[in-house]
Structures are given as C-alpha cells and as structure tokens.
Amino acid sequence: MDKDHIDELIELGSKTKSIERVQDIAAKAMERAGLGYTMHNACAATLSAFLDESGIDVPMTLGAGKLAMRLGGNDRGSRHWKRIRVGEQRAGDVGVTFDNTSPAGADHVYLVVERVDSDKMVIADNQAPKPHTRYASGRGRTATEYFLRAPDEDQRDERLTIAGIGDEDFYPWDDEDTNQLREPFEDDGTPSRKKTVSKKKDEIGEKRAPNYRSLVPDGFFSSNPFDRTKPVPIRCNNPGAINGATWEERSPGYVDTVETTPGNKTTIFEAPEYGVAVWWELLRRYAASGVTTVGGIINRYGGGQDYSNYIRFVERKTGFEEGHKIPLDDDATLLAFGKAMFQYEAGRPTPLNDDQIVYGLRLARTDDGAIS
C-alpha cells in the first residue's frame, strides 16, 4: 500500500542529495518530452519521480492537475489518496494548488516533508535544490487548495530535523502553468498514444517569460540581458561573469546561457542575487579541489590565462595578499573579495549593494554543500 512508502518518501524529500537525484530524473523526463533538460514547469515531473523513487508506482506525469487526479481523483485509475483540508496537513502529504482564472494560470504540486504550523511547512519540489519553506496561504505564490494523503496512513511524528533547510525567501521560483504539457504515459502506465510534444513553440505554447527582479527591496537588477550599453556581467545579472556550465542550469533563477563574445558563453539569471549564489557555488567547487586562496581562485577562474593583473587589482582593492585564504562562511571577507572580482569582470564598480551580495551568499550556502 502507498502508506507503507511514506517514510521513504519523506526521507527522499529531506536530503539535498536525494532531491538533486530526483530533480535530475524529472529534468530528463522533461527533455524526453521535447521541453529541454529543465526544472521549469517540472513540479509534477519532480513529484512523480519522488513517488516512484519511494516505491509508489505512479507513471511519470507532467501536468500538476493530472498528477493530482492520478493520486486522488475519482477515476478508476486513481490511487484514492484522501483530500485533506488546508491546516490539517502533515509530513508525507502532497500539496495541490491551482489557478482557475481564465486563461488558467499557475499550478503546483509539492511534497510536504515537515509541518511547522497550520500554514508554514518545509517542502520539496522543483523550485529549489534542497528542502525549503512554503506557506499554504501562498504569501506571494499560489495558495494551496487542498492536500492529498495516502489512505489508511498511520500517525507519525511530524517534526523532523532536516539538514540544509533554507529561508523561504531564498528560493522564490515562481509557480508555473503546466496545463498545456502533454503526458508521456497513460493512467495505466503504458506509453501515451498521443503525439509526443515537439520543441515547436506553437505546440507547447509560449515559454515562460523570465521574471527579472532583485530579491532585495530596491536592489539593482537588469531587465534586458541584451542591452549592449552595459557590461555583460551587469546586464546578465551575473556579476561574476560565470561561463555557462551544465550544473548552472539547475540553479534557481537560471534563464539561459548565451554566447556574448565569440567562443565565450555567459549565463543569464533572473536576479543578480542568483548570480552571486552561483559565484559562491563556483568557489565551493574550487575549494573542494584545494583551491582556496586569492591567487589560486583567480588563476583557476582564468583557465590558464595570465591573470597576474587581475590578482594585483584584487589585492589593491581588498588588502588581501595573493596567498590569503578565502573562507566560504565569512560574509565580510566574501563581500570584499566579491566586490573586487565583480568590478574587474565588469570594468566598473558593481551596481549591487552590500545587502544584495550578502543575500546571494546566504542563498547559496547550505549545511552540506553543492547546488548540484
């Protein structure tokens, strides 16, 4: 019975590493459906993967409403999960949101991994690479309509100690519309008899427009990554000018990777704080391979180029010598080091204020490490 797998389901949603694995499964399902390797519009795919990995036999499903029906609908193929009123949810439940306005808007499904109170929860979904906070009432996102619970489930301790839970404001990916996604499987798990979605815009609808913004009130951001009157790191909300790497595509706020100069690709983010977070993640990856000093980081950044002028510039700006170690948990040191690097990359002082940079650092930092 599904209830026998709920403990495993909660365990999967409680750990960063298992969330990363599940999100990879979901992104590959989106790619097979012709939508690209992405977490955008992948809430149902992610929850499907969580359920399947825990031992609950649910076909890979792309539509949030469709997955809710497969779990708790009245159809013959439903798993007959019980509807639970908002405020009575607990760990192991599935949250269901939907917007019935015309045209239909954002919808979302997610896994509850911890109940904090009747409104606040810790959840796992496609919107963050670790457990994060969501409110049933919405608070800027789509409000939850109801929860679904595996039938005949025993009571359990709903309070968990989960490593790496982030503040709710650190992962504000938007709820998205999954109404137009075509399902790869029928309710009985057999391959869909409908034509597979192609990448043509007229078949899958308009791609969700990026929500360019700052995550800090009154903070700077660029709303046009192709405005050539501004330096690439500034106009792309990517202050560290991080070149496009596959792992960045799984990062919150990722928009696209574009070739800004011949042979040189740069990632675009919806908010500059996301760009700061990816810069920190790159430093973490360097540190994991033993590169932790001012000189070591900058030389690694250059990929073999002569970056001696870069190092001298950062030394002058920060007062840190070439052999100075950059600790990843010291906001003051990272702030000074980041501002110097961001200025060198842009050719002018960064327009980000200190609060934005520190926000980005906190966004990236988890108890057990990498984004993906």
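Remember, predicted model here, so these are calculated numbers, not experimental data.

Conventions used here
- Residues numbered from 1 in each chain as written.
- Predicted model: local features only at pLDDT ≥ 70, side-chain atom pairs only at ≥ 80, totals over all residues.
- Heavy atoms only, no water.
- 1 Å grid on protein atoms, 1.4 Å probe; cavity = no way out; pocket = protein on both sides within 12 Å on 5 of 7 lines; lining within 4 Å.
- Points joined across faces, edges and corners; volume = space filled by probe spheres on them.
- Helix = DSSP H or I, 4+ residues; strand = E, 2+ residues; numbered from the N terminus.
- Nonpolar A, V, L, I, M, F, W, Y, C, P; charged D, E, K, R; others polar.
- Buried < 20%, exposed > 50% of the residue type's maximum accessible area, 1.4 Å probe, protein only.
- Arc of directions from axis to C-beta.
- Contact = heavy atoms within 4.5 Å.
- Phe/Tyr/Trp six-rings, centres within 6.5 Å; stacked < 30°, edge-to-face > 60°.

A. Representation of empty space enclosed by the protein in the model. Inspection of every chain in the model, using the stated rule, returns five cavities of 30 Å³ or more. Roughly 70 Å³ of volume is contained in the largest cavity. Lining the largest cavity are Phe220, Pro233, Ile234, Asn237, Asn238, Pro239, Pro272, Phe342, Ala346, Thr350, Pro351 and Leu352. Only α6 (232-235) and α10 (331-346) provide two or more residues apiece to the lining of the largest cavity. Its residues assigned to classes, the lining of the largest cavity comprises nine nonpolar, three polar and no charged.

B. Molecular detail of helix α8 (residues 294-302). Within α8 the residues assigned to the buried category are Val294, Gly295, Ile297, Ile298, Tyr301 and Gly302. Around the axis of α8, the buried residues are gathered within 165° of arc, so they sit on the same side. The secondary structure elements touched by the buried residues of α8 are α7 (272-288), α9 (308-318) and α10. Just downstream of α8 lies Gly303, where phi reads positive at about 60°.

C. Examining the environment of Ala49 more closely. Following the sequence through the fold, Ala49 ends up in helix α3 (residues 43-54). The sequence separation of Ala49 and Ile25 amounts to 24 residues, and the corresponding C-alpha distance is 6.5 Å. Sequence-distant contacts of Ala49, defined by excluding residues within four places in its chain, comprise Val22, Ile25 and Met60.

D. Main features of the environment of Ala45. The residue Ala45 is located in helix α3 in this model. As for Ala45 and Asn126, which are separated by 81 residues in sequence, their C-alpha atoms are 8.4 Å apart. Once residues lying within four places of it in the same chain are set aside, the contact partners of Ala45 are Ala26, Met30, Met60, Thr61 and Leu62.

E. The packing of aromatic side chains, seen in detail. Under the counting rule described, the total for this entry stands at six aromatic pairs. Ring centres of Trp279 and Phe342 lie 5.1 Å apart, and the angle between their planes is 75°; this geometry places the pair in the edge-to-face category. Here Phe342 lies in helix α10 and Trp279 lies in helix α7, a separation of 63 residues in the sequence. With relative accessibility at 0%, the residue Trp279 sits in the buried group. Here Tyr310 and Tyr344 contribute two aromatic rings whose centre-to-centre distance is 3.9 Å and whose plane-to-plane angle is 15°, an arrangement assigned as stacked. Pair noted here: Tyr310 is in helix α9 and Tyr344 is in helix α10, with a separation of 34 residues, a long-range link. A relative accessible area of 0% means that Tyr310 is categorised as buried. What makes Tyr344 partly exposed here is its relative accessible area of 35%. Ring-pair connections join several aromatic residues into one group, and the members of that group are Tyr307, Tyr310, Phe313 and Tyr344.

F. View of the layout of surface pockets. In this model, the second largest pocket occupies a volume close to 370 Å³. As for the second largest pocket, its lining consists of 20 residues, of which Gly240, Ala241, Ile242, Asn243 and Tyr301 are closest to the centre. Sorting the residues of the lining of the second largest pocket by element identifies α6, β8 (264-269), α7 and α8 as the ones contributing at least two each. Across the lining of the second largest pocket, the residue classes break down as 10 nonpolar, eight polar and two charged.

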